[in-house]
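A structural walkthrough
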Amino acid sequence: MTLVLWTLAIAVLTAVVCSLCGVFLVVKHESMIAEALSHAVLPGILIAFLVFQDRTSPWLIISAGLSGLLMVWVVQTIRKTGLVDGDAALGITFSALFSVGIICANLGLNRVHFDSHCIIDGNLAMAALRPLVIGGVEIAPFAFVLMATVLTLLVTFILIFYKELKLMMFDSALSQTFGFKPAMLHLIWLALVSITTVSAFEIAGSILVVALMIAPPATAFLLTRRLGVMLIISSTIGVISSVIGLYLGLGLDIAPTGPIASVAGMIFLLTVLLAPQQGVLAKWRRRGQQRSYLFQQLLLARLDGDDKNWVENETLAGAVAWTDQQFRKALSVCRDKKWIDESTLGISITGEGRNYLMESMERL
Amino acid sequence: MPTANPAIAIKGLTVAYDSVPVLWNVDLTIEQGVMMGVVGPNGAGKSTLLKAVLGVVPTLAGEVQVLGKRFSAHRQQIGYVPQRTSVDWDFPTTVLDLVKMGTYGRLGWFRRPGAKEKHDALAALDRFEMREFANRQIGELSGGQQQRAFLARAYVQDAPIYFLDEPFAAVDATTEKAIIRLLKSLRDEGKTIVVVHHDLTTIMDYFDAITLVNKKIISSGPVATAFTSDLLNKTYGGPIKNCGIDCGFAQPPVQLRHPSAGNAPGIGATSVEADDA
Amino acid sequence: MLEIFNDHTLRTVCLGTAGIGAVSGAIGCFAYLRRQSLIGDVVAHSSLLGIMVFFLASYLITGEGSKSLTVLIPGALLAGVAALMLTRWILAQTRLKPDSALGVMLAIFFGSGILLLRWTQRATPNIPGKRGLEDYLFGMAAAMTRSDLWMIGVLGAASILVMLLMWKEFKLFTFDPVFAQSTGLKTHWIDTLMLLILVVGIVIGIQSVGVVLMIALLVTPASSARQWTGHLGTMVLLASIFGAICGGVGSVLSASFSNVPTGPVIVLVATVLFMVSLTAAPRRGLIARLIKRRKLERSAQVAAAGGDQ
């Protein structure tokens with residue numbers, strides 16, 4: 001396999017892992033955890049690297065995980081005091097941890113491996129170069145094996161606990177009555193998120209981890225309400241973003257992480273516009289329709305309530321916060337459907353109009 | 001009898017969010033000097049009704065008149081006591097400061113509250129027996145004290161009308177009685193009090209008039225006539241028991257005090273049990 | 001230590017970061033009280049795109065990329081405002097919740113910003129002026145010039161002035177927006193004005209701590225100040241002072257180590273101050289609480305013992 005293909009494979013695996021994981025974050029409205037964790041793991045990684053001087057050491061991941069857990073614990077503790085706003089506590093904590101990391105990186109590791117480029121941009125372009133060597137045999141790039149393992153873990157977890165996860169996501173109160181322990185599950189899932197963030201962080205850097213954990217799932221969220229479909233759509237978008245972004249990066253001769261993040265974001269924006277049900281265009285059409293019905297009913301209601309039979313056009317027009325155009329449109333629809341009568345005195349409601357009004361009021 | 005202007009006159013009010021009507025064609029008149037309860041199920045539009053009169057939500061149709069004139073916020077005519085859950089109790093402000101906020105409306109843009117405002121605020125606190133808490137942080141108050149602080153804020157506005165949104169949620173019975181006493185004394189001074197209320201068992205005792213809302217006005221008027229089991233059926237969409245009335249006629253109710261004092265507002269189900277027959 | 005005040009550059013830097021810290025601290029109070037720390041985080045990250053676009057524009061126009069703040073700050077402001085408006089639009093049009101919408105903004109704006117940054121750094125032919133753009137990530141206050149300070153000073157002073165003029169409106173709107181609106185206040189304008197000031201404060205702040213850590217400079221002094229007082233005015237004043245201390249001390253410390261960016265050091269100083277405030281503040285602080293609880297326990301024991309007799 002050529003280097004480019006390996007890099008592609010790693011990028012795709014990373015994207016799928018992050019997009020899958022992120023679905024649960026987005027559904028639970030906890031996307032910011034991704035941002036926080038991706039910053040908080042830095043000191044853990046750096047300290048482990050300082051100690052073991054080996055980039056492929058599993059200690060890096062473990063240490064990073066501990067760093068992440070430290071952040072979670074500190075934030076919980078601060079929140080429990082009730083003295084500080086929750087989001088602020090999160091921001092303060094992960095920034096502090098990240099700062100420790102940056103300082104370490106600049107002081108102790110001046111030489112090659114860690115600098116802001118790696119931290120922000122990750123190391124995707126170089127990831128395929130480092131092989132995993134077992135017993136003197138080069139098997140595959142280390143990053144590939146790592147991400148493949150994480151992916152397997154994640155998918156297994158999701159498949160086994162699919163029902164429970166679904167319940168927990170959408171109704172944790174209900175899942176408690178069924179005897180599942182949402183707290184326990186939540187903890188395991190949080191651990192998985194940490195493992196994902198930590199493994200992906202080294203390859204993808206902080207920005208891409210966050211981008212892939214939020215943008216593709218958010219896009220999927222707009223397209224469906226079903227968890228399974230969301231997972232599939234999210235990972236697909238992750239794959240597409242990583243492929244396009246990678247080639248964009250190669251073409252511009254820069255780290256591919258920035259491009260991949262941007263592409264994922266652009267796909268999201270396009271979906272916001274064009275999504276069939278939730279998209280802006282679709283909604284405008286629907287809202288326009290609903291608004292028309294509402295105005296027709298309002299028009300009839302105004303006629304019905306008055307003692308006089310006939311209401312002058314101006315009075316009617318001025319009674320509701322609609323534009324001239326909306327008023328005339330409502331008028332013409334009511335006219336066509338024979339819900340109103342018109343004369344020189346003004347407008348009045350007909351029997352059919354009254355029936356329609358009564359029906360729509362029932363439906364309210 | 002000379003007809004004074006009604007405190008609030010609403011005609012044809014329709015409010016819609018996203019083209020979905022939340023309040024439909026509401027006609028409502030609230031006379032001056034009356035203590036009115038507003039009840040209805042969750043999502044019925046009760047809070048929206050108050051907010052629409054205050055001009056805080058955009059309306060699709062209808063007019064609102066306050067004391068005979070079109071409502072204008074600048075006239076400071078309605079004092080608003082918000083739901084407890086919508087207040088940031090950790091906000092750095094003392095009780096005195098909170099009440100002084102009620103004077104901001106009359107101060108205009110660049111004037112600061114001065115000695116007069118402080119004096120008025122202290123007088124308002126006296127009225128509600130909160131003077132000793134003037135320098136306390138609002139987060140350190142009990143539920144009843146919090147309500148009284150907000151009432152003082154409305155009082156300092158010198159408003160003839162008070163709107164209260166679920167004031168008795170998560171407040172114990174003694175405190176509730178104390179607040180009702182305060183509200184009734186305000187009403188005896190000629191103020192008009194409108195309360196969004198969730199506990200059907202206490203309606204007869206507290207209010208002169210009642211409005212039943214479920215997106216539309218189901219009924220509105222004196223408690224004796226507007227609060228019947230039929231109308232409650234229509235409002236809540238099902239038979240209600242244990243609400244303190246019997247067969248739709250005003251009798252001295254059995255005061256069923258539900259242990260719902262600790263519940264969040266709007267969980268009407270704890271004070272209303274739908275018949276499962 | 002006294003060499004600090006002899007070294008002209010260091011003096012400029014120290015003054016600059018202290019001033020920046022003071023402004024961020026003050027503005028951060030309202031961001032903190034309005035629970036907008038995450039919004040601040042996203043606005044900060046988003047400004048990178050604006051900075052890069054305007055930098056490249058200046059390169060295209062003059063043949064040399066300008067890092068002067070008169071060029072870059074407008075870019076940062078525009079990008080920050082754009083991110084906010086886009087977020088609002090997304091929230092209004094879809095059923096997405098704020099945290100997801102903000103996260104996507106990060107992806108789009110910061111992602112594109114990094115894309116442009118890296119491309120600029122590696123572009124051939126060489127783009128003059130590009131060195132130092134990297135500092136916008138974690139801050140490197142040593143690069144601040146006299147004219148930069150002027151611009152920061154003017155913007156900062158203007159924001160503070162507006163805040164003071166509109167003090168009671170800001171306070172009322174932050175605490176009870178519905179009540180504020182019911183008294184006739186044009187809350188929509190107040191909200192917009194406050195967001196604008198927030199963006200200005202952030203754009204100023206990133207000059208010292210960079211975009212990634214701006215959230216800390218925004219809310220840490222405010223959170224610390226909150227522990228010491230229950231009065232909004234005092235809180236804002238204290239937060240300013242704390243911010244200034246963090247900025248000044250942080251920049252001096254980071255200058256002692258030539259290759260350490262300013263941002264992380266300032267943030268750590270602020271965090272230490274925060275932890276001290278959390279534990280040691282009177283009444284609210286954890287130590288004070290502990291003492292109060294012990295006293296309560298003791299008097300309860302005494303009462304129980306008395307009752308037994």
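Let us look at the structure shown here. (Residues numbered from 1 in each chain as written. Chains lettered and ligands numbered in written order. Predicted model: local features only at pLDDT ≥ 70, side-chain atom pairs only at ≥ 80, totals over all residues.)

All names here are of chain B. Pairing in this open sheet of 6 strands is mixed, and the strands run β6-β7-β8-β3-β9-β10 from one edge to the other. Every interior strand has two partners, whereas the edge strands, β6 (78-81) and β10 (216-222), have only one. Averaged over neighbouring strand pairs, the angle between their axes works out to 15° when direction is ignored. Across 4 bridges, the pairing between strand β3 (residues 35-39) and strand β8 (residues 192-196) is parallel. Looking at the pairing, Gly-37 lines up with Val-195 of β8. Across the sheet, helix α5 (residues 143-156) touches β6 and β7 (161-165), and the angle it forms with β6 is around 165°. (Pairing = 2+ DSSP bridges. Helix = DSSP H or I, 4+ residues; strand = E, 2+ residues; numbered from the N terminus. Axes fitted to C-alpha atoms, helices over the stretch in contact; angles between N-to-C directions. Contact = placed C-beta atoms within 7 Å.)

At 3.6 residues per turn, the α-helix brings residues three or four places apart onto the same side. Residues and elements named next belong to chain C. For helix α6 (residues 146-165), spanning 20 residues, the distance from its first C-alpha to its last is 28 Å, which sits close to the expected 28 Å at 1.5 Å a residue. Asp-148, Ile-152, Gly-156, Ser-159 and Met-163 are the residues of α6 that are buried. Down the axis of α6, the buried side of the element spans an arc of 60°, and every buried residue falls inside it. What points out from α6, more than 90 degrees from its buried face, is the exposed set Arg-146, Ser-147, Trp-150, Val-154, Ala-157, Ala-158, Leu-161, Leu-164 and Leu-165. (Expected span 1.5 Å × (residues − 1). Buried ≥ 20, exposed ≤ 12 C-beta atoms within 10 Å, placed from the backbone. Arc of directions from axis to C-beta.)

Moving on, we come to the interface of chain C and chain A. If you look at the interface, chain C gives 48 residues, while chain A gives 49 residues. Those elements giving two or more residues to the side of chain C that touches chain A turn out to be α2 (37-62), α3 (69-93), α4 (98-122), α5 (135-138), α9 (187-228) and α11 (262-280) of chain C. Counting residues per element, the side of chain C that touches chain A draws most heavily on α4(C), at 15 residues. For the side of chain C that touches chain A, the residue count by class is 27 nonpolar, 12 polar and 9 charged. (Nonpolar A, V, L, I, M, F, W, Y, C, P; charged D, E, K, R; others polar.)

Another point: the environment of Val66(B). All names here are of chain B. Its location among the elements puts Val-66 in strand β4 (residues 61-66). Judged by the 24 C-beta atoms lying within 10 Å of it, Val-66 is buried. As for Val-66 and Met-204, which are separated by 138 residues in sequence, their C-alpha atoms are 26 Å apart. Filtering out sequence-adjacent residues up to four positions away, Val-66 remains in contact with Ile-8, Phe-71, Gln-77, Ile-78 and Ile-161.

Attention now moves to the interface of chain B and chain C. Chain B puts 21 residues into the contact, and the matching count from chain C is 18 residues. Secondary-structure elements contributing two or more residues to the side of chain B that touches chain C are α1 (46-54), β6 and α3 (104-107) of chain B. By residue class, the composition of the side of chain B that touches chain C is 11 nonpolar, 7 polar and 3 charged.

Moving on, we get to the packing of helix α1 (residues 8-33) of chain C against α6(C). Residue and element names in this part refer to chain C. Contact pair α1 / α6: the axes reach a minimum separation of 10 Å and the direction vectors enclose 20°. Relative to α6, the element α1 lies roughly parallel. In this structure, α1 crosses over α6, and the sense of that crossing is left-handed. Contacts between α1 and α6 involve Thr-12, Gly-16, Gly-19, Ile-20, Val-23, Ala-26 and Ile-27 on the former and, on the latter, Arg-146, Leu-149, Ile-152, Gly-153, Gly-156, Ser-159, Ile-160 and Met-163. By residue class, the composition of the contact of α1 with α6 is 8 nonpolar, 6 polar and 1 charged. (Parallel < 35°, antiparallel > 145°, perpendicular 65-115°, else oblique. Left-handed = near helix turned anticlockwise from the far one by under 90°.)

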